[in-house]
Amino acid sequence: MIAAPSVADVVVIDGRYRIEAELGRGGMGVVHRGTQLALDRPVAIKRLLHRIDDDGTSVERFRRESLAASRLAHPGIVGVLDAGVFEGAPYLVMELVDGEALDDHIARKGFLPVAAALAITAQLGDALACAHDAGILHRDVKPANVILARDGRARLLDFGLATLVSDRDTRLTRYGVLLGTPDYLAPEIARGAAPDPRGDVYALGATLYEMLTGKTPFERATPMATVLAHLSDELVLPSHLVPGIDDVVDALVAELMARNPAERPPDARRAVERIGATLSRARRLTERDLDAALIAALAGD
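Summarised in this report is the structure supplied together with it. Everything numeric in this text was worked out from a predicted model, so none of it was measured.

## Description of the pattern of salt bridges
Summed over all chains, the structure comprises 16 salt bridges. We note a salt bridge from arginine 16 to aspartate 82, for which the minimum N-O separation is 2.9 Å. Within this pair, whereas arginine 16 is found in the loop between β1 (12–13) and β2 (17–25), its partner aspartate 82 is found in strand β5 (residues 80–86), the two being separated by 66 residues in sequence. With a relative accessible area of 36%, arginine 16 lands in the partly exposed category. Among the residues examined, aspartate 82 registers a relative accessible area of 18% and is labelled buried. For glutamate 273, the salt bridge is made with arginine 270, and the minimal N-O distance between the two is 3.7 Å. Here arginine 270 and glutamate 273 lie together in helix α8 (residues 268–282), a separation of 3 residues that amounts to about one turn. Of the residues examined, arginine 270 reaches a relative accessible area of 45% and is grouped as partly exposed.

Here is the structure:
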């Protein structure tokens, strides 16, 4: 493993991209703010924490991310601008989005008003529909992979686990290794079924659930307990946690997160239709209704 780059260690990548402040890091890589020197354009630079010869699996995921995201042009998807290898470690150059991660926003706010949560879900669903239409699955939809941009749009990022719908190569999921995040993992994926768009739909529903309630759908003490809860436990509907949420919103969450994938919308395009219908009804709620729901929820803390 290589150390995360610092300004002192690495100033410029391939003579083209200057590395600046660290923006965040995860299990695969570290993301820095950077500048594309030729255009004096701010960018985000993601570098893998493993050298190519250290961890072939991580490199393969990184390769998939660059290929998948570069094929997609949508205002709700953070675009990949360039990719390469520097000092033995792959890197991606992406759009730099000014905004706040959705998970941080939820942590700061507690939970979101119904109309706002539905609007964000609709935007994410539309971005996912673009990917599904191109035959690409995201496979790790969750609030941490969503940026709420200052222009008001939710942007989906991190296609590190992306898979082509037609790709039956299971090298990255063999030997009992589950890819994805347990809190948002569809039950059939946990059982080892081949991924399809309905797994992304389930994760989208779990993300909506967290926006509505401030909690993940099945909070358990360990990742394995969480996976088992997705497989067998009944979903506590959002209105049971936050008073004032309409039954039609509960029904939408239950449909997106149906344990049987055949009972979910078959892909994100169909999910967006259901979300849009629910959003239209939710917008007919008065601001007074929404304020009353928030006050009641806060009083219950």
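## Considering the nonpolar core
Within soluble globular proteins, side chains that are nonpolar generally end up buried alongside one another. In this structure, Leu208, Met211 and Leu212 are the most contacted members of the largest nonpolar core, which totals 52 residues. If you list the elements that add at least two residues to this core, you get α2 (102–109), α3 (114–133), β9 (146–149), β10 (154–156), α5 (197–213), α6 (223–232), α7 (247–256) and α8. A per-element tally of this core places α3 first, with 11 residues. Beyond its immediate sequence surroundings of up to four residues, leucine 212 is in contact with Phe111, Leu112, Val114, Ala117, Pro238, Val242, Ile245, Val249 and Val253. Counting 8 residues, the second-largest nonpolar core is a separate cluster that includes Ile13, Ile19, Phe86 and Tyr91.

## Brief notes about the side chain of threonine 35
With respect to the secondary-structure elements, threonine 35 resides in strand β3 (residues 29–36). A distance of 2.6 Å separates polar atoms of two side chains, one belonging to threonine 35 and the other to glutamate 20. Leave out the neighbours within four places in its chain, and threonine 35 touches Arg16, Tyr17, Arg18, Glu20, Asp40, Arg41, Pro42 and Val43.

Definitions and limits used
Residues numbered from 1 in each chain as written. Predicted model: local features only at pLDDT ≥ 70, side-chain atom pairs only at ≥ 80, totals over all residues. Heavy atoms only, no water. Salt bridge = Lys/Arg side-chain N within 4 Å of Asp/Glu carboxyl O. Helix = DSSP H or I, 4+ residues; strand = E, 2+ residues; numbered from the N terminus. Buried < 20%, exposed > 50% of the residue type's maximum accessible area, 1.4 Å probe, protein only. Core = buried A, V, L, I, M, F, W, Y, C linked by side-chain atoms within 4.5 Å. Contact = heavy atoms within 4.5 Å. Polar contact = N/O pair within 3.5 Å; in protein donor to acceptor, adjacent residues only side chain to side chain.

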